[in-house]
Amino acid sequence: MSLEGIDTESGIKRIGGNLNSYIKLLNKFTENYEDFEYQYNNSKNEEEKLRLVHSLKGVSGNIGANQLHEAAVNLEKALKEKQKEKIPALINKVIGRFEIIINSVSQLDKSITSERPSSEVEIIRDTEEIKKGIKKLKEYLGSYDSYGIDFFDEIKASLVKIGFKDNTELMKNYLEKYDFENALIELSEIEGELNDRE
């Protein structure tokens, strides 16, 4: 699969070679960041802008959008170093790179990325197995690995089943926005409470 602005080969490898999952991630990515300019301009403060750009940097790198990733790296650096004169041009570069990706992804057939029926999701009830899943998910989220979103889909029913419905719903909302930091906080709370049950 060839898409302008995206190294699809490396992106697919990062999620274990699953093409359907990769296309689903690309669609989620464009949906969540297509209004990047609006999100950036309406951020409450510099810290929020930096968090948005940092998230974009991490996710774009993991899906193989290397030129967008590089543009986000440069923008993040300018924000951290308060190089105000460079920021407008760098934002425009990020937006330009992102428009290329939106055009590429829009050509994909989104019908093959439909959600798997919930009946096919295995619910894990063994606490130790759930803990292993949480540990793995923490690794994905901590490294901004987009595969963490798909892996969360695999274990969320199990988390709800053992009493973490509210935390799981919050995580779902955060991950839809690619807010890995807050999703990781919720996951750590689940892990802590599970350990306290012993």
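Structure's up top.
Teacher, can you tell me more about the packing of aromatic side chains here?
To describe a pair of aromatic rings, you give the distance between the ring centres and the angle between the ring planes. Under the defined criterion, the tally for this structure stands at four aromatic pairs. For the ring pair phenylalanine 36 and tyrosine 40, a centre distance of 6.0 Å and an interplane angle of 35° mean the geometry is tilted. Of this pair, phenylalanine 36 and tyrosine 40 both sit in helix H3 (residues 36-41), four residues apart, which is roughly one turn of the helix. Seen from their ring centres, tyrosine 140 and phenylalanine 151 are 5.6 Å apart, and the 65° between their planes marks the pair as edge-to-face. With a gap of 11 residues between them, tyrosine 140 in helix H7 (residues 127-142) and phenylalanine 151 in helix H8 (residues 147-161) connect regions that are remote in the sequence. Phenylalanine 151 carries the same exposure label as tyrosine 140, and that label is buried. The structure contains a cluster of three or more aromatic residues connected by ring pairs, namely Phe29, Tyr33 and Phe98.

Which parts of the structure should I look at to understand the side chain of serine 60?
Looking at where serine 60 falls in the secondary structure, it is placed in helix H4 (residues 46-63). When near neighbours in sequence (up to four residues on either side) are disregarded, serine 60 contacts Phe29, Ala65, Leu68 and His69.

Just to check I follow, could you spell out the pattern of salt bridges for this structure?
For side chains of opposite charge, pairing can occur when their charged atoms come near one another. Summed over the entire model, instances satisfying the criterion amount to 12 salt bridges. For lysine 49, the salt bridge is made with glutamate 46, and the minimal N-O distance between the two is 3.7 Å. With lysine 49 and glutamate 46 both in helix H4 and three residues apart, the pair spans about one turn of that helix. The buried category is assigned to lysine 49, whose relative accessible area is 17%.

Looking at this structure, how should I read helix H10 (residues 180-196)?
Every α-helical turn comprises 3.6 residues, leaving residues that sit three or four positions apart pointing alike. The end-to-end C-alpha distance of H10 is 24 Å, a good match for the 24 Å that 17 residues give at a rise of 1.5 Å each. Of all the residues in H10, the buried ones are Phe180, Ala183, Glu186, Leu187, Ile190 and Leu194. For H10, the angular spread of the buried residues around the axis is 125°, confining them to a single face. Buried residues belonging to H10 abut H4, H7, H8 and helix H9 (165-176).

Looking at this structure, how should I read the nonpolar core?
As a rule of thumb, nonpolar side chains are buried together in soluble globular proteins. Formed by 54 residues in total, the largest nonpolar core has its most connected members in Phe29, Tyr33, Phe36 and Leu75. If one sorts the elements of this core by residue count, helix H6 (residues 87-105) sits on top with eight residues. What phenylalanine 29 contacts, discounting residues up to four positions off in sequence, is Leu56, Val59, Ser60, Ile63, Leu68, Phe98, Ile101 and Tyr178.

I would appreciate a short explanation of unusual backbone geometry in the present structure.
The bulk of non-glycine residues show a negative phi, and the bulk of peptide bonds are trans. Here lysine 82, not a glycine, exhibits a phi torsion of approximately 55°, which is positive. With respect to the secondary-structure elements, lysine 82 resides in the loop between helix H5 (66-80) and H6.

What's the story with H6 in this structure? I'm lost.
Compared with the 27 Å implied by 1.5 Å per residue over 19 residues, the 27 Å span of H6 between its first and last C-alpha is a close match. Those residues of H6 lying buried are Ile87, Leu90, Ile91, Val94, Ile95, Phe98, Ile101, Ser104 and Val105. The elements touched by buried residues of H6 are helix H2 (19-33), H3, H4 and H5.

Help me out: how do you make sense of the environment of lysine 24 in this one?
Position of lysine 24 relative to the elements: it lies in helix H2. When the C-alpha positions of lysine 24 and alanine 71 are compared, they lie 23 Å apart, and in sequence the two are 47 residues distant.

Can you walk me through the environment of aspartate 179 in this structure?
As for its position among the elements, aspartate 179 is in the loop between H9 and H10. Judged by relative accessible area, which is 17%, aspartate 179 ranks as buried. For the pair aspartate 179 and leucine 56, spaced 123 residues apart in the sequence, the C-alpha separation amounts to 9.6 Å.

Hey, could you run me through the packing of H7 against H10 in this one?
Describing two packed helices takes the angle between their axes plus the distance from one axis to the other. Where H7 contacts H10, the axes come no closer than 10 Å and their chain directions differ by 155°. With respect to their mutual orientation, H7 and H10 come out roughly antiparallel. The chirality of how H7 crosses H10 is left-handed. Between H7 and H10, the contacting residues are Thr127, Ile130, Lys131, Ile134, Leu137, Lys138, Leu141 and Gly142 on the first element and Phe180, Ala183, Leu184, Leu187, Ser188, Ile190, Glu191, Leu194 and Asn195 on the second. Along the lines of polarity and charge, the residues of the contact of H7 with H10 split into 10 nonpolar, four polar and three charged.

Analysis parameters
For every chain, the first residue of the written sequence is number 1, and numbering continues from 1 onward in sequence order. Only residues with pLDDT of at least 70 are given local features in this predicted model, and only at 80 or more are side-chain atom pairs given and counted; all residues enter the totals for whole chains, interfaces and linings. To get the side-chain values, take all heavy atoms of the structure and skip hydrogens and water. Stacked, tilted and edge-to-face are the three classes assigned to paired rings of Phe, Tyr and Trp, where Trp is represented by its six-membered ring and a pair needs centres within 6.5 Å; plane angles under 30 degrees give stacked, over 60 edge-to-face, the rest tilted. The secondary structure listing takes helices from DSSP runs of H or I that are at least 4 residues long and strands from runs of E that are at least 2 residues long, numbered from the N terminus. Only protein chains enter the accessibility calculation, which uses a 1.4 Å probe; a residue is then buried when its area is under 20% of its type maximum, exposed when over 50%, and partly exposed in between. A contact between two residues is defined here by any heavy atoms of the two lying within 4.5 Å. Throughout this description, the term salt bridge denotes a Lys or Arg side-chain nitrogen within 4 Å of a carboxyl oxygen of Asp or Glu. Expected helix span is taken as 1.5 Å per residue step, with the number of steps being one fewer than the number of residues. Each C-beta atom gives one direction from the helix axis, and the arc is the one those directions make. In plain words, nonpolar cores are sets of buried Ala, Val, Leu, Ile, Met, Phe, Trp, Tyr and Cys residues tied together by side-chain atoms within 4.5 Å. To get an axis, a line is fitted to the C-alpha atoms, and for a helix only the part in contact is used. The angle between two axes follows their N-to-C directions and goes from 0 to 180 degrees. Should an angle fall under 35 degrees it is taken as roughly parallel, and over 145 as roughly antiparallel, whereas 65 to 115 is taken as roughly perpendicular and any remaining angle as oblique. Helix crossings fall into two classes, left-handed where the near helix is turned counterclockwise from the far one by less than a right angle and right-handed where it is turned clockwise. Each residue is assigned to one class: nonpolar for Ala, Val, Leu, Ile, Met, Phe, Trp, Tyr, Cys and Pro, charged for Asp, Glu, Lys and Arg, and polar for all the others, Gly among them.

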